[in-house]
Amino acid sequence: HRATTTGTSRCRGGHRDAWAICLTPDSYQVSQNVALVDARRVAGRQVRAGAWIQADHATVSLDVDTDRGLVAHAEQPATSDWRYVVVVGRVPPRPRFVSVALTAKGASTVRIDRVRLGPLGATPAKPSADDPNYVANGSGDAATLSAPSFLPTPVRRGLDGAVDAVDGVARRPGKVVDSFGIMVGDARQSFGSFWATVGWPPMPLFPLWLELVIAALVAAGVAGFAMDVVGGTFPRRAGVVLVAAIVCVTVAGVVRTIPPSDADPRTGRYLFTAMVAFAVVLAAGWHRLWPVARPAFRTAARASIPVFHVLFVTILLVPYLR
């Protein structure tokens, strides 16, 4: 299921409200990574997760998990009347993600409502209305469209990722603002590792001053390419295709979720599938802005390749191999 919505599990008939999350034998689990900024808030602390459940002839598992192991687990039979299930556990220090999952077992439909996760409060059995809840859309009140099933899987993932990103900004602007520092770090990691890195992970990157120089060159290339397209020097349809390829690959490979929900490396290697588009856009843009004769541009372009490799070997590869 998508990270920011409950997808096809959304249905009517919640606990004292219109909507609920419905699990069936064919769609028996729903899970969500909480925003990374919230995962860091509960690092090393006790947390409580809970949900209202209702079903006949089924059991439901409620799990709180991290990359460093299971935090809490409960498996209870669901009844025809709504009942509240709660688990308590301690999150390990520095988790890369914190997730909540509900899994149904049985032949009937299970209704789930008001899924919560937050720090353990004064009343462990049941949270109060004032306790923070780090689960988004825990009642299935909101939903977003999924990409058509006839599209190839990579295309669907890219489109779903873009929709989820827009949904996260629209529905959780405060959380996006809180996560700004994390997103800046992710952007730098993606950009830097696209140009040069070694190892996995952690990924050593060029020093900040060199990354800024590369960023300025990239910005100049994009500006020159835009001038070419607007001025008619570069075919507009081809320009639109190149830009669309870059945007789709960037969204699918780097953005993932907004706000960020895990600390996995945002490697620029995911962008290599659009390498041709990147190369054409930057080469055309730099050529547009080149101030002297065309042969000099060719010479500079060819000379940049060994220069860049020398920088990579001396700054990144040699220290990595020591």
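Residues numbered from 1 in each chain as written. Predicted model: local features only at pLDDT ≥ 70, side-chain atom pairs only at ≥ 80, totals over all residues. Heavy atoms only, no water.

Here's the deal with the pattern of salt bridges
For step 1, the next point in the chain: With the rule as written, the count across this model stands at 11 salt bridges.
For step 2, the next point in the chain: Among the ionic pairs, Arg114 bridges to Asp17, the shortest N-O distance being 3.9 Å. With Arg114 in strand S9 (residues 110-119) and Asp17 in the loop between strand S1 (10-12) and strand S2 (19-23), the pair connects residues that are 97 residues apart, well separated along the chain.
For step 3, the next point in the chain: Among the ionic pairs, Asp38 bridges to Lys175, the shortest N-O distance being 3.0 Å. Of this pair, Asp38 sits in helix H1 (residues 36-41) while Lys175 sits in helix H3 (residues 173-178), and the two are 137 residues apart along the sequence. Each member of the pair, Asp38 as well as Lys175, is classed as buried.
For step 4, the next point in the chain: Three or more residues are tied together by salt bridges with common partners; here these are Asp38, Arg41, Lys175 and Asp178. (Salt bridge = Lys/Arg side-chain N within 4 Å of Asp/Glu carboxyl O. Helix = DSSP H or I, 4+ residues; strand = E, 2+ residues; numbered from the N terminus. Buried < 20%, exposed > 50% of the residue type's maximum accessible area, 1.4 Å probe, protein only.)

Some words on a nonpolar patch on the surface
For step 1, the next point in the chain: On the surface, Trp209, Val213 and Leu217 cluster together into a nonpolar patch covering about 320 Å² of accessible area.
For step 2, the next point in the chain: Its location among the elements puts Leu217 in helix H5 (residues 208-231).
For step 3, the next point in the chain: What makes Leu217 partly exposed here is its relative accessible area of 46%. (Patch = residues over 30% accessible without salt bridge, like charges linked within 9 Å, V, L, I, M, F, W, Y side chains within 5 Å. Areas by Shrake-Rupley, 256 points an atom, 1.4 Å probe, with all protein chains shown as cover.)

A few points about the confidence of the model for the chain
For step 1, the next point in the chain: Across the chain, the average pLDDT comes to 86, with 93% of residues at 70 or higher.
For step 2, the next point in the chain: Predicted confidence is poor over residues 1-7, with pLDDT under 50, and the contacts of this stretch with residues over four places away or in other chains come to 27 contacts. (pLDDT = per-residue confidence, 0-100. Contact = heavy atoms within 4.5 Å.)

Observations regarding unusual backbone geometry
Working note: non-glycine residues mostly have negative phi, and peptide bonds are mostly trans.
For step 1, the next point in the chain: In the Ramachandran plot, Arg16 falls in the positive-phi region, its phi being about 65° despite a non-glycine side chain.
For step 2, the next point in the chain: By the element assignment, Arg16 lies in the loop between S1 and S2.
For step 3, the next point in the chain: Overall, Arg16 belongs to the exposed group, its relative accessible area being 73%.
For step 4, the next point in the chain: Its identity is not glycine, yet Asn137 carries a phi of approximately 60°, on the positive side.
For step 5, the next point in the chain: Relative to the elements of secondary structure, Asn137 occurs in the loop between S9 and helix H2 (153-171).

Remarks on the state of the cysteines
For step 1, the next point in the chain: A full pass over the atoms with the stated rule returns one disulfide.
For step 2, the next point in the chain: In this model, Cys11 is linked to Cys22 through a disulfide, with the two sulfur atoms separated by 1.8 Å. Between Cys11 and Cys22, the disulfide has an S-S torsion of 75° and is therefore right-handed. Of the two residues, Cys11 sits in strand S1 while Cys22 sits in strand S2, which places them 11 residues apart along the sequence. Taken individually, Cys11 and Cys22 each receive the classification buried, so the pair is uniform in this respect. (Disulfide = S-S within 2.5 Å.)

Some details on the sheet that holds S9
For step 1, the next point in the chain: In space, the five strands of this open sheet follow the order S1-S2-S9-S4-S7, with antiparallel pairing throughout. Each end of this open sheet is capped by a strand with a single partner; those strands are S1 and strand S7 (83-90). Taken pair by pair, the neighbouring strands of this sheet meet at an average axis angle of 40°, ignoring direction.
For step 2, the next point in the chain: Two strands pair when backbone bridges link them, and strand S4 (residues 46-54) and S9 are joined in this way by seven bridges, in the antiparallel orientation. Residue pairing across strands places Trp52 opposite Asp113, the latter belonging to S9. (Pairing = 2+ DSSP bridges. Axes fitted to C-alpha atoms, helices over the stretch in contact; angles between N-to-C directions.)

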